[in-house]
Amino acid sequence: FHRPEELHDEAVDAGLVARIYCGLAVANAEPPADLTALVRRAFREASETEPAEYNRAAFVALALHVVGERADPLAPGPDDIRARCPAPAAPVLLRERADLAQHWAFSAALTAVLGEQTASNLGEWKELHDSLPAGSGFSFVDLAADRSGVHVARRAVAPETARATALSLKRISERDLLPDTLVEAPEGLSDVDFSRRFGGIEAERYRRAVAWIDRQLAVASSR
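Residues numbered from 1 in each chain as written. Predicted model: local features only at pLDDT ≥ 70, side-chain atom pairs only at ≥ 80, totals over all residues. Heavy atoms only, no water.

(A) Summary view of the pattern of salt bridges. Taken as a whole, this structure holds 12 salt bridges when the rule is applied. Of the charged contacts in the structure, one is a salt bridge between Asp-180 and Arg-175, with a shortest N-O distance of 3.0 Å. Look at the salt bridges and you will find they share partners, linking Arg-97, Asp-99, Asp-142 and Glu-187 into a network. (Salt bridge = Lys/Arg side-chain N within 4 Å of Asp/Glu carboxyl O.)

Dropping the structure here:
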């Protein structure tokens, strides 16, 4: 997707993104790279005076680091940022999977910059696309990682919950990012299997499945 350049400065502080990104690059100098550790690092210096602004920049920096060039439209001056600091030395992992780390980080950044609905829609579209014959199949584990990133970022950029969320992200665990129950969700569903079992993304069966994911995430965030 493309986002007008003039919107970047309004949404994200370029200097703050660069500073957080470079801190992540230092932290990720030696593999293996763990998303949980990088999230803690990104929010280590969260601002007390402008927490929502800091949090938004942190999610964009994480996405640049974890996802790479696909996250460039969300960031102000991504090429300049990479010129200042090295690219990641190794893939970043969540639950020992690079794809789950990418789903989480990209969805969080999308939510922070473009809003929850856009992030949720793109996450579902990606899984529907994966369910086509050439894809890896519809994955509710991927979708859970998407929704976890969305839920965390939504709280982190809301003024009334930004400070408390930043504090929680400084000590977050891998199970908070993606609970055990969600790692066992269905994966690899073809479009035929997905339609047969869940009826499509507008169907009540699918919506109940998504609501179950959201409940598991709510329990994890309340611990």
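(B) A look at unusual backbone geometry. Positive phi is not limited to glycine here, since Arg-95 has a value of about 55°. Here Arg-95 lies in the loop between strand 2 (92-93) and helix 6 (98-114). Positive phi, close to 65°, is recorded for Glu-96, a residue that is not glycine. If you trace the backbone, Glu-96 turns up in the loop between strand 2 and helix 6. (Helix = DSSP H or I, 4+ residues; strand = E, 2+ residues; numbered from the N terminus.)

(C) The state of the cysteines, seen in detail. Per the stated rule, a full pass over the model turns up 1 disulfide. The disulfide partner of Cys-22 is Cys-85, and the S-S distance across this bridge is 1.7 Å. Judged by the sign of its S-S torsion, about 100°, the cystine formed by Cys-22 and Cys-85 is right-handed. Highlighted residues: Cys-22 in helix 2 (residues 14-27) and Cys-85 in the loop between helix 5 (78-84) and strand 2, separated in sequence by 63 residues. (Disulfide = S-S within 2.5 Å.)

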